[in-house]
Amino acid sequence: MSRHWAVVQFPGSNCDHDVLKVFQSLSKKYPEIEPVLHWHEDPIEKNVYEVIILPGGFSYGDYLRAGAIAKISQALNNLEEVIEAGAHVMGICNGFQILLETRLLPGYLQVNKSLKFISDTVSLKIEDEAFPWFTKKNKGEVVRYPIAHRFGNYQLSKIDKGEMKPVLKYQENPNGSIDGIAGVYRTLGKGSVFGLMPHPERAFFEDLRLTDGQPIWQNAVENLI
Amino acid sequence: MSQAISKEGLDPIRELAAAVGLSDKEWNHLIFVLGRHPSESELQMIGVMWSEHCSYKSSKRYLKKLITKGKYVLEGPGENAGLIALDAERGIAFKIESHNHPSFVEPFQGAATGVGGILRDIFTMGARPIALGDYLRFGDLNLEKHQYLLDGVIGGIAHYGNCMGIPVVAGHVGSGSSYNGNILVNVFALGIVDRNKIFRSNTGKPGQVVMVWGAKTGRDGIHGASLLASADFESGKTETKEQKIRVQVGDPFKEKVLMEATLECMQSLSSDLAAIQDMGAAGLTSSTTEMAAKSKIGMKIDLSKVPVRETGMKAFELLLSESQERMLAIVEKGSEEKFKAILNKWGCEGEVVGETDDSELLRMTFDGQTVVDLPIQKLMDAPPADLPEPEWPAVQSQAYKIPDEIKKEWEVLEKLLCHPSVASKKEIFKRYDTTVGAATVFGPGQEASVLWVGSKEHPHLGIAFKGVADENFYQLNPRFGAKAAMAKAVRSLSCVGARARAFTDGINVGNPKNAKTQAALSETVEGLNEAIIAFETPCVSGNVSMYNQTVSDGVPRDIYPTTFVVVVGVMDDVRKAVPSLFQSEGSEIWLLEIPGNRELFPEASLYAREFFPELKPSVCPFLDLEGEQRLQNALLKANDLNLMLSCRDVSTGGLAVSLAKACFSEKRFGFEGDLSKTQSRRDQLLFGEAQGRVILEINPNRRSELMKLGAEFNLQIRKLGNVTQDPTFRIRPTLSGSIETLFQAWSSVFK
């Protein structure tokens, strides 16, 4: 299988280059990884990308509803089949909102309890393993990632029966999410879907003095390559 | 506007000239140059071109004295933004802009479009913006109106900056009653540019094509520059429909795609893109006139081709619309479709609206009719305004009795920590995305902001910046205010380990027709120049906002003259950036200071203003620019030696306030100090605001190196105390209490 790792670029994405910077840094050590910026109007075919990141931002201006338009973009047209064939998709922040719109993960995000945008660095507990991102060894660890969102209050309605497990929880709930859930995960066919509000790509570089996000990316490399 | 024309018995065009703000002198000058009466559209254009906002007619004579050249300068004032060198390949573009008047009328949109405007200035140069800073002044925050303005302005900046994905990493929020009728919203942006791909507005040539890029044009913001930004307010009438409709409405998503499209055009079609300018104040008018005049070319524009989103727009409305998220570009003939392809890919409009020629005339047609035909070079400069000679009111040195009373230190400390200019702004900064871009080493709350801009050649390179203004100093003595602001900003950069290279200034003053305002301008520029010479930090860009005046009960009241300086510096290795909070238990805290006479009381400190208001302090605190250079060099050397665990400047509130704030890390260290042997008046020592003092945290075993450093740079050093695990704040013999109490006081103001 190919080692192309893609970041999907929607108009309004603004964390696309941050993730790409992480991939480029990884590819220095692991030349097999080829970082790709994938334009939203190009369909994603099966078995082309091993990892697909839906980055943070305000895709299509978040008009209508965060993530609502990105869901019907050409790039994500047959996302389910692409994942079933083996792709590992991570949606960060706006990317998480998009994944919830696709219903590949259950639940919905509403405005933060404070009604305000929250930017902070928060402590999170890794609740469970989540291939390829978290290993059994990570379970129970506490990490600090930045958050930056206004619609990050994760909720499940009674009719939300979709399969998922919470793998990341806030130590101190900043936004009112049910059970303090910050990230949810499921496997799907040969691939997986992971949606989270915090930004592990902003906790990667040593120069920024916060490297708690390194294991998540490092695990993916070690588990997939 | 149009009612004025129909007044019977008056020359309608003369009447309109007065309505668009032309003085008799300007009208006569216009007729003299044209040799005929202007058309309505021409007059509307001249009205905005010669407005204070666009022409700087009341400040030019001082601004041109500013020192703008230096070894790092790639582009000084005059372009969309200033540029300095970062390394051999890259430059730093930066600028500050004001959006005071729109933000007072409509805080959310006013502040949001202020962010949009300054970001366009940056990416118009070819730079990708990487950081924002906001410098704000509100009126008395006990007034409900100002709580509303605060919330709206912060919300607007957050909305626009967060959507654009540009982190707000710095800022300052202050308040004071001089801003009750006129708040200040100054926004700073900084970006990185490839030195081989810098774009300017003055590089158009005859025979090229003029394009409008970005959003469609509507009727929003018409006359914003002339009637909103260049006029004063009248108390109680600031929310008239007349003024509300002058405020532009921003759409950060449109700007984001315009930015990406523009940067992609610059990257892939750089040789076809001749010149570019953003459409800010007075939209199409200022962009066409400035590009034609600066490039020394003529331009023919067909206004019917401008993409519009409203029907029935008149020529003058197209010319004056301040619809946001638009650019004017001059491109090589034949390349139009290539530009359109990139713009359309990003969902932006791109339309050819005219061409350039060698006529030195700006000609515009609308529906086949010629509506504008102006000799543009001759009309760029407004005739010199009739202005009063600068005169700063003499400060009466008051015969006051130095109070014997010394206030209870703990109560003073608590009260100073809850003063809005000192109190924690954490809750405000939580509304801004401070970490997007994965480059923020130090965000808000540190002595200076630090961004990591590593490249292959310089993997750990960093940019630092710091913005400062103390309006109380400016009000007392504008020259001192300017020098103190520059010294403080440079000192803060030195504290984190960056060397200052250049700065941008945001001047905010009252009515230019007052001698005092003229003096504020003149003296501020003199003060800035003294600092520029001392620190070798030229001014590369800036903004002047005038008419920050409100008529209240028939009396015009100017704001305190307030000039924000944002100084930008560079550091080789961001891993060595020094934090401003205490780092470890047991380390020693030292004061490093410039020697000199500090026994001035009551100098203009926050303590004196709050606790002895009847004394009306008239003495500027100690400041020594030559000493500041030594302090800068000493701190940078200390950084080279890895001497400092933490470092912070002593500023508003004085020494005790700075020491207390240094304890407010998540670990909540305490401080144990002893100043019982000091000869000075104790309140002056604890709360005075003498400049040129820095608190250093060092490992005890490196004391001798610090002493050597002090001697080498002729600076005084004295040990203040130690960092303790016990969360108690103590300065013997009399000041003692719990850190948590102080922290709660400090955090209680902005929720």
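Anything mentioned here points back to the structure above.
Residues numbered from 1 in each chain as written. Chains lettered and ligands numbered in written order. Predicted model: local features only at pLDDT ≥ 70, side-chain atom pairs only at ≥ 80, totals over all residues. Heavy atoms only, no water.

Describing the pairing of strand 16 (residues 449-452) of chain B
Residues and elements named next belong to chain B.
At step 1: Here strand 16 shows two buried faces, one formed by Ser 449 and Leu 451 and the other by Val 450 and Trp 452.
At step 2: In terms of strand pairing, strand 15 (residues 440-442) meets strand 16 through two bridges, oriented antiparallel. For Phe 442, the partnering residue across the bridge sits in strand 16 and is Val 450.
At step 3: As consecutive antiparallel partners, strand 15 and strand 16 are separated by six residues, and within that stretch Gly 445 has a phi angle of approximately 95°, a positive value.
At step 4: Summarising the sheet, strand 16 and strand 17 (residues 462-468) pair through four bridges and their orientation is antiparallel. When the sheet's bridge partners are listed, Val 450 is paired in strand 17 with Ala 464. (Buried < 20%, exposed > 50% of the residue type's maximum accessible area, 1.4 Å probe, protein only. Helix = DSSP H or I, 4+ residues; strand = E, 2+ residues; numbered from the N terminus. Pairing = 2+ DSSP bridges.)

Thoughts on the side chain of Ser 119 of chain A
At step 1: With respect to the helices and strands, Ser 119 of chain A occurs in strand 6 (residues 118-126).
At step 2: A polar contact is formed between the side chain of Ser 119 of chain A and the backbone nitrogen of Thr 434 of chain B, at a distance of 3.3 Å.
At step 3: Non-local contacts of Ser 119 of chain A, meaning those with residues more than four positions away in its chain, are made with Ile 147 and Ala 148 of chain A together with Phe 429, Lys 430, Tyr 432, Asp 433 and Thr 434 of chain B. (Polar contact = N/O pair within 3.5 Å; in protein donor to acceptor, adjacent residues only side chain to side chain. Contact = heavy atoms within 4.5 Å.)

Quick notes on the environment of Lys 125 of chain A
Residue and element names in this part refer to chain A.
At step 1: Relative to the helices and strands, Lys 125 resides in strand 6.
At step 2: Of the residues examined, Lys 125 reaches a relative accessible area of 33% and is grouped as partly exposed.
At step 3: The residues touching Lys 125, leaving out its near neighbours within four places in the chain, are Gly 140, Glu 141, Val 142, Val 167, Leu 168, Lys 169 and Gln 171.

Focus on the environment of Ser 25 of chain A
All names here are of chain A.
At step 1: Note that Ser 25 resides in helix 1 (residues 16-29).
At step 2: Residue Ser 25 is classed as partly exposed on the basis of its relative accessible area, which comes to 25%.
At step 3: Between the C-alpha atom of Ser 25 and that of Lys 116, which follows or precedes it by 91 residues, the distance is 34 Å.
At step 4: Beyond its immediate chain neighbours, meaning those up to four positions away, Ser 25 contacts Phe 204 and Phe 205.

Description of the nonpolar core
Most often, soluble globular proteins have nonpolar side chains that are buried together.
At step 1: With 147 residues, the main nonpolar core has Phe 23, Ile 53, Trp 133 and Trp 217 of chain A together with Leu 190 and Phe 465 of chain B as its most contacted residues.
At step 2: Of the residues forming this core, the biggest block, 10 residues, is contributed by helix 20 (residues 478-496) of chain B.
At step 3: With sequence-adjacent residues up to four places away left out, Leu 190 of chain B is seen in contact with Ile 92, Ala 93, Phe 94, Ile 122, Arg 128, Pro 129, Ile 130, Ala 131, Leu 451, Ile 463, Phe 465 and Val 568 of chain B.
At step 4: With 64 residues, the next largest nonpolar core counts Leu 141, Ala 189, Val 209 and Ile 342 of chain B among its residues. (Core = buried A, V, L, I, M, F, W, Y, C linked by side-chain atoms within 4.5 Å.)

Notes on the sheet that holds strand 24 (residues 646-649) of chain B
Residue and element names in this part refer to chain B.
At step 1: Ordered in space as 24-26-23-27-25-28-29, the seven strands form an open sheet in which the pairing is mixed. Looking at which strands have only one partner, the edges of the open sheet turn out to be strand 24 and strand 29 (735-738). Across the sheet, the mean angle separating the axes of adjacent strands is 20° when strand polarity is ignored.
At step 2: Against the sheet, helix 20 contacts strand 24 and strand 26 (693-698), and its axis sits at roughly 175° relative to strand 24.
At step 3: Along the sheet face, helix 26 (residues 703-712) touches strand 23 (588-593), strand 26 and strand 27 (716-724) and points at about 5° away from the line of strand 23. (Axes fitted to C-alpha atoms, helices over the stretch in contact; angles between N-to-C directions.)

Looking at the sheet that holds strand 9 (residues 165-170) of chain A
Residues and elements named next belong to chain A.
At step 1: Strand order in the open sheet formed by nine strands is 2-1-3-4-11-10-9-6-7, and the pairing between neighbours is mixed. Edge positions in the open sheet fall to strand 2 (34-39) and strand 7 (142-149), since each of these has one partner strand only. Looking at each pair of strands side by side, their axes are set apart by 25° on average, direction ignored.
At step 2: Looking at chain direction, strand 9 and strand 10 (residues 181-188) are connected through four bridges and run antiparallel.

A short note on unusual backbone geometry
At step 1: Between Phe 131 of chain A and Pro 132 of chain A the backbone carries a cis peptide bond, its omega angle lying at 5°.
At step 2: Mapped onto the secondary structure, Pro 132 of chain A falls in the loop between strand 6 and strand 7.
At step 3: Cis geometry marks the peptide bond from Arg 732 of chain B to Pro 733 of chain B, where omega comes out at 10°.
At step 4: By the element assignment, Pro 733 of chain B lies in the loop between strand 28 (728-732) and strand 29.

Looking at the packing of aromatic side chains
At step 1: For the structure shown, the criterion picks out 25 aromatic pairs over all chains.
At step 2: Each ring, one from Phe 429 of chain B and one from Tyr 432 of chain B, has its centre 5.5 Å from the other, and the planes form 75°; the classification is edge-to-face.
At step 3: For Phe 429 of chain B, a relative accessible area of 10% corresponds to the buried category.
At step 4: Each member of the aromatic cluster is reached from another via a ring pair, and the members are Trp 5, Phe 23, Trp 133 and Trp 217 of chain A.
At step 5: In this arrangement the basic side chain of Lys 21 of chain A is found over the ring face of Phe 205 of chain A, its NZ or CZ atom lying 5.6 Å from the centre. (Phe/Tyr/Trp six-rings, centres within 6.5 Å; stacked < 30°, edge-to-face > 60°. Lys NZ or Arg CZ within 6 Å of the ring centre and 35° of its normal.)

Observations regarding the packing of helix 17 (residues 409-417) of chain B against helix 24 (residues 655-662) of chain B
Residue and element names in this part refer to chain B.
At step 1: It is at 10 Å that the axes of helix 17 and helix 24 come closest, and there the two elements cross at 70°. It follows from the interaxial angle that helix 17 and helix 24 lie roughly perpendicular. Our pair here, helix 17 against helix 24, has a crossing hand that is right-handed. Counting all contacts with helix 17, which are made through Leu 413, Leu 416 and Leu 417, the residues of helix 24 involved are Ala 656, Val 657, Ala 660 and Lys 661.
At step 2: Residue composition of the contact of helix 17 with helix 24, by class: six nonpolar, no polar and one charged. (Parallel < 35°, antiparallel > 145°, perpendicular 65-115°, else oblique. Left-handed = near helix turned anticlockwise from the far one by under 90°. Nonpolar A, V, L, I, M, F, W, Y, C, P; charged D, E, K, R; others polar.)

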